[in-house]
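Single-letter residue listing:
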Amino acid sequence: MSAVPRSEKSVGRFRRMLDRLSSSQEDLESEELREDAETTGCIKIGDCHDRQIVTVTGTLRTVTLRPRAGVPALEAELFDGSAALDVVWLGRRSIVGIEPGRRLIASGRVSMSRGRRVLFNPKYELRPLGRE
């Protein structure tokens, strides 16, 4: 049997529902992404340091083609609810499945470039679309 009285459980559920209704969509998505990072065993992007080998997960916010030193480079911003990280595939113009809104897990060595965290040519795993 539960140690918490029934009335406190009801208040707790009501409070959580009220919090969700009063939160912005971005806050709700950030919370969901942080929970996803915890369940997959990934490190939070906000906790990544320069030259650290990491595995992170999140949602791609933007995907752009931006040449670097005359070489094509596909750049994407990965957001996990705590911070953002740039993921760069050098020599690539496009990658099937890499598109805004897609969730993925990426592994590699973090570097700092112009004050932003960057993963160059990471190993990656695309996550299923939706709640599959």
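As a reminder, the structure under discussion sits directly above these lines.
Residues numbered from 1 in each chain as written. Predicted model: local features only at pLDDT ≥ 70, side-chain atom pairs only at ≥ 80, totals over all residues. Heavy atoms only, no water.

Peer 1: Can you help me understand the overall build of the protein chain in this one?
Peer 2: Each helix and strand in the protein chain was counted, giving two helices and six strands. Secondary structure elements of the protein chain occur, N-terminal to C-terminal, as α-α-β-β-β-β-β-β. Taking as baseline every contact in the protein chain between residues at least 6 positions apart, the subset at least 24 positions apart corresponds to 52%. Entry remark: accessible area of the protein chain is about 8,600 Å², with carbon and sulfur atoms responsible for 50%. (Helix = DSSP H or I, 4+ residues; strand = E, 2+ residues; numbered from the N terminus. Contact = heavy atoms within 4.5 Å. Areas by Shrake-Rupley, 256 points an atom, 1.4 Å probe, with all protein chains shown as cover.)

Peer 1: I tried to follow the side chain of Glu 77 on my own but got confused; where do I start?
Peer 2: Within the secondary structure, Glu 77 is located in strand β2 (residues 73–79). Glu 77 gets classed as buried once you look at its relative accessible area, which sits at 16%. Here the side chain of Glu 77 touches Arg 116 through a polar contact of 3.1 Å, side chain to side chain. Ignoring any residue separated from it by four or fewer positions in sequence, one finds Glu 77 in contact with Thr 59, Leu 60, Arg 61, Thr 62, Ala 84, Leu 85, Asp 86 and Arg 116. (Buried < 20%, exposed > 50% of the residue type's maximum accessible area, 1.4 Å probe, protein only. Polar contact = N/O pair within 3.5 Å; in protein donor to acceptor, adjacent residues only side chain to side chain.)

Peer 1: What should I look at first to understand the pairing of strand β3 (residues 84–90) in this one?
Peer 2: Walk down a regular strand and you will see the side chains alternate between the two sheet faces. Counting buried positions along β3 gives six out of seven residues, so the element sits mostly inside the fold. Bridge count between β2 and β3: seven bridges; the pairing is antiparallel. Bridge assignment links Glu 75 to a residue of β3, and that residue is Val 88. Adjacent in sequence and paired antiparallel, β2 and β3 are bridged by four residues, among which Gly 81 carries a positive phi angle near 100 degrees. (Pairing = 2+ DSSP bridges.)

Peer 1: In this structure, what is going on with the environment of Arg 51? I would like to understand it.
Peer 2: Relative to the elements of secondary structure, Arg 51 occurs in the loop between α2 (25–40) and β1 (53–65). On a C-alpha basis, the gap between Arg 51 and Leu 119 in space is 9.9 Å, while along the polypeptide they are 68 residues apart. Setting aside residues up to four positions removed in sequence, Arg 51 forms contacts with Arg 109 and Val 110.

Peer 1: Sorry if this is basic, but what is going on with the packing of aromatic side chains here?
Peer 2: The relative placement of two aromatic rings is captured by the distance of their centres and the angle of their planes. Evaluated as defined, the whole model comprises one aromatic pair. Look at Trp 89 and Tyr 124: their rings are 5.4 Å apart centre to centre, the planes differ by 75 degrees, and that puts the pair in the edge-to-face class. Remark: Tyr 124 occurs in strand β6 (residues 123–126) and Trp 89 occurs in strand β3; sequence separation between them is 35 residues. Since its relative accessible area comes to 4%, Trp 89 is described here as buried. The exposure class of Tyr 124 is partly exposed, given its relative accessible area of 34%. Above the ring of Phe 79, the side-chain terminus of Arg 61 is found at 3.7 Å from the ring centroid. (Phe/Tyr/Trp six-rings, centres within 6.5 Å; stacked < 30°, edge-to-face > 60°. Lys NZ or Arg CZ within 6 Å of the ring centre and 35° of its normal.)

Peer 1: Explain the pairing of strand β5 (residues 116–120) here, please?
Peer 2: Relative to β5, β3 is paired through three bridges, and the arrangement is parallel. Its bridge partner being in β5, Val 87 is matched across the sheet by Leu 119. Here strand β4 (residues 103–113) pairs with β5 via four bridges, running antiparallel. Across the sheet, residue Ser 111 finds its bridge partner in β5, namely Val 118. Where β4 folds back onto β5 in an antiparallel hairpin, the turn is made up of two residues, including Arg 114, whose phi is positive at roughly 55 degrees.

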